[in-house]
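# Structural overview for review
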Amino acid sequence: MEEVILSDSQRDALQEVANIGVAHAATALSQMVNKEIQMGIPKVELIPFENIADHLGPMEAVAAVFLKITNELPSYSMLLISQESAYALADILIGNTPDTSKQMLTEMDESALMEVGNVMMCAFFDSLAELLSIPLIPGPPAFAFDSPLAVLDYILIQIGEVADKVLLFATNVQTEKEKTFEINIFLVPEPASIRIILQKLGMDS
Amino acid sequence: MDDTIIIGIGEFVVVSDNRKISTLGLGSCIGTVIFDSVSKISGLSHIMLPTIGVAKKEKIGKFADTAIPAMIDDMVKKGASPVRLRAKIAGGASLFMFTDDQLKIGDRNSEAVRKVLAYYKIPIIAADVGGNRGRTITFNPATGELFIRIVKKGPDESTIKII
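Residues numbered from 1 in each chain as written. Chains lettered and ligands numbered in written order. Predicted model: local features only at pLDDT ≥ 70, side-chain atom pairs only at ≥ 80, totals over all residues.

### Describing the overall build of chain B
Short version of the rule: Helix and strand definitions follow DSSP, with helices as H or I runs of at least four residues and strands as E runs of at least two, each counted in order from the N terminus. We compute the radius of gyration over the C-alpha atoms and compare it with the globule rule, which gives 2.2 Å times the number of residues raised to the power 0.38. Counts of 20 or more other C-beta atoms within 10 Å of a residue's own C-beta define buried residues, counts of 12 or fewer define exposed ones, and intermediate counts define partly exposed ones; C-beta atoms are placed from the backbone.
When helices and strands are tallied, chain B shows 2 helices and 10 strands. Listed N to C, the secondary structure of chain B is β-β-β-β-β-α-β-α-β-β-β-β in terms of helices and strands. Here the C-alpha radius of gyration of chain B, 15 Å, is about what a compact globule of 163 residues would show, namely 15 Å. Oriented by its inertia axes, the alpha-carbon framework of chain B measures out at about 45 × 40 × 25 Å. Going through the 163 residues of chain B one by one, you find that 47% of them count as buried.

### What to know about helix α2 (residues 105-119) of chain B
Residue and element names in this part refer to chain B. Rules: Each helix should span, by expectation, one fewer than its residue count multiplied by 1.5 Å. Directions from the helix axis toward the C-beta atoms define the arc.
End to end, α2 covers 21 Å across 15 residues, agreeing with the expected 21 Å (1.5 Å per residue, within 8%). Listed in full, the buried residues belonging to α2 are Ile 105, Gly 106, Asn 109, Ser 110, Ala 112, Val 113, Val 116 and Leu 117. The arc that holds every buried residue of α2, seen down its axis, measures 160°, which confines them to one face. For α2, the exposed residues set more than 90 degrees away from the buried face come down to Ala 118 and Tyr 119.

### Examining the packing of helix α1 (residues 8-33) of chain A against helix α3 (residues 107-132) of chain A
Residues and elements named next belong to chain A. As a reminder of what qualifies: Axis definition: a line fitted to C-alpha atoms, over the contacting stretch in the case of helices. Angles run 0 to 180 degrees between N-to-C directions. The handedness criterion is simple: a crossing whose near helix is rotated anticlockwise from the far helix by less than a right angle is left-handed, and one whose near helix is rotated clockwise is right-handed. Distance between backbone-placed C-beta atoms decides contact: two residues are in contact if it is within 7 Å. Charged residues are taken to be Asp, Glu, Lys and Arg, nonpolar residues to be Ala, Val, Leu, Ile, Met, Phe, Trp, Tyr, Cys and Pro, and polar residues to be all remaining types, Gly included.
Where α1 contacts α3, the axes come no closer than 8 Å and their chain directions differ by 140°. Seen along the crossing, α1 lies across α3 with a hand that is right-handed. Listed contacts from α3 to Val 17, Ile 20, Gly 21, Val 22, His 24, Ala 25, Thr 27, Ala 28, Leu 29 and Met 32 of α1 are Val 116, Val 119, Met 120, Met 121, Ala 123, Phe 124, Asp 126, Ser 127, Leu 128 and Leu 131. Of the residues contributing to the contact of α1 with α3, the split by class is 15 nonpolar, 4 polar and 1 charged.

### Focus on the interface of chain B and chain A
Listed as interface residues are 29 residues of chain B and, on the opposing side, 27 residues of chain A. If one sorts the elements of the side of chain B that touches chain A by residue count, strand β3 (residues 21-26) of chain B sits on top with 3 residues. For the side of chain B that touches chain A, a count of residues per class yields 14 nonpolar, 9 polar and 6 charged.

### Concerning the environment of Gly 25 of chain B
Here Gly 25 of chain B shows up in strand β3. The class of Gly 25 of chain B is buried, set by 25 C-beta atoms lying within 10 Å. It is 8.1 Å that separates the C-alpha atoms of Gly 25 of chain B and Ile 137 of chain B, two residues lying 112 residues apart in sequence. Not counting residues within four places of it along the chain, the set of residues in contact with Gly 25 of chain B comprises Ser 147, Pro 148, Leu 149, Ala 150 and Asp 153 of chain A together with Gly 134 and Thr 136 of chain B.

### Re the sheet that holds strand β6 (residues 85-91) of chain B
All names here are of chain B. In plain terms, the rule: Two strands qualify as a pair provided DSSP detects at least 2 bridges between them.
Reading across from one edge, β2-β5-β4-β6-β7 is the order of the 5 strands in this open sheet, with mixed pairing throughout. Edge positions in the sheet fall to β2 (12-15) and β7 (124-129), since each has one partner strand and no second. Taken over all neighbouring pairs, the strand axes of this sheet differ in orientation by 10° on average, direction set aside. As paired strands, strand β4 (residues 30-36) and β6 are joined by 7 bridges and run antiparallel to one another.

### Looking at the confidence of the model for chain B
Applied cut-off: Confidence of the prediction at every residue is given by pLDDT, a number between 0 and 100.
Overall, the prediction assigns chain B a mean pLDDT of 90, with 92% of residues at 70 or greater. Predicted complex metrics record ipTM = 0.84 and pTM = 0.86.

### What to know about helix α2 (residues 83-94) of chain A
All names here are of chain A. Taking 1.5 Å of rise per residue, the 12 residues of α2 would be expected to cover 16 Å, and the 17 Å separating its terminal C-alpha atoms lies within 8% of that figure. When we look at burial in α2, the residues that qualify are Gln 83, Ser 85, Ala 86, Tyr 87, Ala 88, Leu 89 and Ala 90. Elements that come into contact with the buried residues of α2 comprise β3 (62-69), β4 (75-82), α3 and β7 (183-189).

Shown next as structure tokens:
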């Protein structure tokens, strides 16, 4: 078990990394939906597993896209789109007239959302790879529609043997006007990867 | 006033005052309820992995092979009768479908929980495991009922079940 402790300046550095990554993800989304997208200020926090529910916000159900980096920087990422946003976003992506009474995602909606998540996260990872000079190759995306805790437990389980806390890079992206997409991006590096990131940033001591 | 006790991932709790016990968003994790219907002493654990292996010892609540024995110990200390203990389990789903998923951690978790309960000769009288849906569960020690709620996916879907 590796105990990860972050100093304030290390946290700031990671926050800047998250900032850049999320900006790229938001740009990718903006190009796909042809709308201006705003992003929130990323939060970088070390959270004990048992408290993770407190950090997920009030979302009941989410469309979740999971991606894993296996090579030099083992990490897990999850993009969570709130239920209403997922319905609205799917309609835009597929080119349907927005249906406000929509009650479920079709298979086509799900694959469109998975593709958006994939493109956003790949943009995120590309910027991270450039910043850290480490090639990052994400595996294939996977999709689920469920409660945020139930989907995130998949990540906690992956790192559960080596960690008791997750380093969460979390943020919101949304459009400016009436239509809001509530999207949360989570990046959870394995403890060893957190050390590598800090080293590459020259923040390891 | 709802005084339900909610536990997080990797935790367990034992109650002897009929307070309801609950845990949210079980994906591949397993919620294990063990109860003694006479003394009403009841426990709930939310494990995430089958075995503790070489991990740090103080987080025993995360693993089936350490959380459940510790919970049973605690229940017996509080006055539960080992022979009257019964179990209900829920969770162990696989929310994400991967073509190369040799892992199936949900299945491995259910197997591990069943093994520990068999070792203690505690019968599993109800189970809702597997599938691809997350579950939020609440146990009522007064009635022995386990409420299971899933996220609504379609307009006509029933989202609550009691086992």
